[in-house]
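Here is how the chains run, residue by residue.
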Amino acid sequence: MPLPSGDQPWPPKPHVSILDTLATWSAWYEGTPDALRSVYASKNVARIGDREGGIRQKLQRWWWGRTIDETKQRPDQSHVPIAADLARASADMLYVEPPQITCTAKAAQPVAGVTPKTNVTQDRVDAYLPDLHAALSNGAELGAILGGRYHRVTWDKALDDQPFVTTVDADAAIPEFRWGRLVAVTFWHELETSKSGAVTRHLERHEFDAEGNGLILHGLYEGTSTSLGRARPLDEHPVTAPLTTLVDENGALKEGRTKGLCVVYIPNQLPQRRWRKHPVGRNLGRSDLDGVEPLMDNLDEAYSSLMRDIRLGKGRIIVPAFMLKDNGPGMGATFDIDREVYDPLNIPDPAEGQAQITIQQFAIRVEEHLTAIADLVRRIVHTAGYSNATFGDGTDEGGAITATEVHARERRTYRTRARKLRNEHAGITELIRKMLSIDNAIFGTAGIDSDVDITVTFADGVEDTQLNLAQTALALSTARAASIETLVRTVNPDWDDTAVLDEVAKILNEEPVTDPFTIGG
């Protein structure tokens, strides 16, 4: 279907509730008090309903939704950025190291004088990998918050001589699914908002054409904050003007039409539980923050209470009025704490009256607050699908530990990682295949074969120390349970085949191996 030709509500009604939830998760990720207050300002509402003929009142209370007294010099609300910590941990456990991507031809038959296609294809994929790794890592962090992200294959001959991947956040997309698979998506970008309230948007729609190729359409619209408005020529805005010569009369790109969409949606976790019965939401991924919003709100309230105790618990002195220095009419009075000598005054004896300077020091409930905060953090981390050891919850007793011990301590984290990697594998495979086809169609790179078997291998994420690896190799060697090549690979797990074989050759040259079962010379 083409881009919208007439005015309509924006965003479309079926997506409003989803986008509202994404805005809430985004505010927690941003972590600024203003963002959190703007989201929860309207959520502290009282609801009245009938129950067995009586009236009852239900109050939804959010710490970040309370009204701030404007007379206060500063609000007593503090924020613990645990949402950002969860997102960063998710991205790190997936992409702390780049994945290994291998392309193998499905029917490779060498031809004399012709370089096999798999070599050219693999070389191009290796060239994609540095930028691809950065895009995947950054996208995974935002995807953990918003439940997923969209990666699109992009090309710009003025910037690069190969396709590259860009990311679109889930809260700027209107997806369409069929049988759980993405068949179309419309991205929108608000380009500007005028003083009169007019909003200019750029819509970028990805869909299939009649032959199953990916079709990209661009449109410019001028409307309001709640409506799309009327379509405008692309050349009326400097951002979309360069597209004028690249699209046809329907706004579709003239080049780059190869098999499959140019967009891949990678969900964070599945299945979806919040929108399980929503026609669109049930196909979306699940955020790491789904279900822990009240706990994060409670955590901020507990931490704010601790900081309030600290402010109120500061040591203070109370002095009589005669000790204050008059600053003049309308300027108040102040007490100079460094003043050593006062003018002779008729001060009553403390034995006959009260002491002239009173020290006030409130107790600070540190242990009670920290216990509550630690419990909330543990519950948030556990509900989000991670082990508390991942966040340094006092589990490191010092000294080197093996990768096996790390896996044991962080078992829940690694199970969550395995769930996420299943989605990452599928998404990366689609991206690579599309990048190869675009590389061939747009850049004319000879010898590329997009119809290859693609294998994506992720690093374990935890490396043993060199000593632990050497001890493992020694045990295998003593038990005569591994070849020299296997031992070299064990001690050097990050080496490629060439480096391993070179090292094996060096070992054999330095210490020739004899058959221990040979008798005699």
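Structure shown above.
Throughout, residues of each chain are indexed from 1 in the direction in which the sequence is written. At least 70 in pLDDT is required for a residue's local features to be given in this predicted model, at least 80 for side-chain atom pairs to be given and counted, and no such filter applies to totals for whole chains, interfaces and linings, which use all residues. Note that the side-chain values use all heavy atoms of the structure and ignore hydrogens as well as water.

Right, let's talk about the overall build of the chain for a bit. Per the convention used, a helix needs a DSSP run of H or I reaching at least four residues, while a strand needs a run of E reaching at least two, with both numbered from the N terminus. Regarding its fold elements, the chain presents 11 helices and 16 strands. The 521 residues of the chain split such that 40% are buried. Pairs at least 24 apart in sequence give 62% of the contacts found in the chain among residues at least 6 apart. All accessible-area figures derive from a Shrake-Rupley calculation using a 1.4 Å probe, and residue coverage is judged against the displayed protein chains alone. When the accessible surface of the chain is split by element, carbon and sulfur atoms take 52% of a total near 30400 Å². With a 1.4 Å probe rolled over the protein chains alone, any residue whose accessible area is under 20% of its type maximum counts as buried; one over 50% counts as exposed, and the rest are partly exposed. Every residue pair with non-hydrogen atoms within 4.5 Å of one another is taken to be in contact.

Moving on: the sheet that holds strand E9 (residues 214–223). In this analysis, strands are considered paired if DSSP registers two or more bridges between them. Pairing is antiparallel in the open sheet, where 5 strands are placed in the order E6-E7-E8-E9-E10. Two strands lie at the open edges of the sheet, namely strand E6 (173–178) and strand E10 (230–232), each paired on one side alone. Between one strand axis and the next, the sheet turns through 30 degrees on average, direction left out of account. Of the pairings in the sheet, the one linking E6 to strand E7 (residues 181–193) comprises 6 bridges and is antiparallel in character. Here the axes come from fitting lines to C-alpha atoms, over the contacting stretch only for helices, and the angles between their N-to-C directions go from 0 to 180 degrees.

The side-chain alternation of strand E16 (residues 452–457) yields one buried face, formed by Val452, Ile454 and Val456, and one unburied face, formed by Asp453, Thr455 and Thr457. Note that strand E3 (residues 100–105) and E16 share 6 bridges and pair antiparallel. Of the residues in E16, the one forming a bridge with Cys103 is Ile454.

A separate point is helix H10 (residues 484–491). When H10 is considered as a whole, its buried residues turn out to be Leu487, Val488 and Val491. With its buried residues spanning 100 degrees around the axis, H10 presents them on a single face. By arc we mean the arc of the directions from the helix axis to the C-beta atoms, nothing more.

Our next topic: empty space enclosed by the protein. For each structure, a 1 Å grid was placed over the protein atoms alone; sets of points admitting a 1.4 Å probe that cannot get out are labelled cavities, open sets with protein on both sides within 12 Å along at least five of seven lines are labelled pockets, and lining residues have an atom within 4 Å of a point. Grid points are joined across faces, edges and corners, and a volume is the space filled by probe spheres set on the points. The full count for this structure, using the stated rule, is 3 cavities of 30 Å³ or more. By volume, the largest cavity amounts to about 90 Å³. Along the walls of the largest cavity sit His15, Ile18, Leu19, Leu22, Leu146, Tyr150, Ala170, Ala173, Pro175, Tyr265, Trp275 and Leu284, which together make up its complete lining. The biggest single contributor to the lining of the largest cavity is helix H1 (residues 13–30), with 4 residues. A per-class count over the lining of the largest cavity returns 11 nonpolar, 1 polar and no charged. Residue type decides the class: Asp, Glu, Lys and Arg count as charged, Ala, Val, Leu, Ile, Met, Phe, Trp, Tyr, Cys and Pro as nonpolar, and the leftover types, Gly among them, as polar.

This part covers the pattern of salt bridges. It is possible for side chains bearing opposite charge to pair when their charged atoms get close. Salt bridges are defined as contacts in which a side-chain nitrogen from Lys or Arg sits within 4 Å of a carboxyl oxygen from Asp or Glu. Enumeration according to the criterion identifies 17 salt bridges in this entry. Two residues, Arg37 and Asp34, come together in a salt bridge whose shortest N-O distance is 3.4 Å. Of the two residues, Arg37 and Asp34 are both situated in helix H2 (residues 33–40); the distance of 3 residues between them amounts to about one turn of the helix. Overall, Asp34 belongs to the exposed group, its relative accessible area being 59%. Residues Glu424 and Arg149 are paired through a salt bridge, measuring 2.8 Å at the closest nitrogen-oxygen approach. In this pair, Glu424 is assigned in helix H8 (residues 411–442) and Arg149 in strand E4 (residues 148–154), connecting sequence segments 275 residues apart. With respect to burial, Glu424 and Arg149 carry one shared label: buried.

Patches in this entry comprise residues that are over 30% relatively accessible and not in a salt bridge; like charges within 9 Å are linked, as are nonpolar side chains (Val, Leu, Ile, Met, Phe, Trp, Tyr) within 5 Å. A cluster of nonpolar side chains, namely Ile310, Ile364, Val366 and Leu370, defines an oily patch on the protein surface of about 270 Å² accessible area. Within the element layout of this structure, Val366 appears in helix H6 (residues 366–384).

Bringing the layout of surface pockets into the picture now. Of the pockets and cavities examined, the largest pocket occupies roughly 840 Å³. In this structure, the largest pocket is lined by 25 residues; those nearest its centre are Leu182, Leu261, Val263, Val264 and Glu430. Those elements that provide at least two residues to the lining of the largest pocket are E7, strand E11 (263–267) and H8. The element best represented in the lining of the largest pocket is H8, accounting for 7 residues. For the lining of the largest pocket, a count of residues per class yields 12 nonpolar, 7 polar and 6 charged.

Pairing within the open sheet is antiparallel, and its 3 strands lie in the order E5-E4-E11. In this open sheet, the two strands that pair with only one neighbour each are strand E5 (164–169) and E11. Taken over all neighbouring pairs, the strand axes of this sheet differ in orientation by 30 degrees on average, direction set aside. In this sheet, E5 lies alongside E4 in antiparallel orientation, the contact comprising 6 bridges. Bridge pairing links His151 to Thr167 in E5.

Position of Arg286 among the secondary structure elements: in the loop between E11 and helix H5 (293–312). What qualifies as a polar contact is a pair of N or O atoms within 3.5 Å, subject to a donor-acceptor requirement within protein and to the restriction that residues adjacent in sequence count only when both atoms come from side chains. Of note is the side chain of Arg286, whose polar atom sits 2.5 Å from the backbone oxygen of Pro271.

Attention now moves to the packing of aromatic side chains. Centre distance within 6.5 Å is the pairing criterion for rings of Phe, Tyr and Trp, where only the six-membered ring of Trp is used; planes under 30 degrees apart are then read as stacked, over 60 as edge-to-face, and the remainder as tilted. For the coordinates displayed, the defined rule picks out 8 aromatic pairs. Note on Trp10 and Trp188: the rings are 5.8 Å apart at their centroids and 90 degrees apart in plane angle, and the pair reads as edge-to-face. Within this pair, whereas Trp10 is found in the segment before H1, its partner Trp188 is found in strand E7, the two being separated by 178 residues in sequence. Residue classification places Trp188 among the buried residues on the basis of a relative accessible area of 11%. Arranged with centres 6.1 Å apart and planes meeting at 75 degrees, the rings of Phe177 and Tyr265 form a pair that is edge-to-face. With Phe177 in strand E6 and Tyr265 in strand E11, this residue pair connects regions lying 88 residues apart in the sequence. Through pairs of rings, three or more aromatic residues link up here, namely Tyr150, Phe177, Phe187 and Tyr265.

It is worth spelling out unusual backbone geometry at this point. Leaving glycine out, the prevailing phi sign among residues is negative, and the prevailing peptide bond configuration is trans. Residue Pro11 is bonded to the preceding Trp10 through a cis peptide linkage, with omega at 0 degrees. Here Pro11 lies in the segment before H1. Following Leu270, the chain continues to Pro271 via a peptide bond in cis, the omega torsion being 5 degrees. You can see Pro271 is positioned in the loop between E11 and H5.

Purely geometric stuff here, so don't read any function into it on its own.
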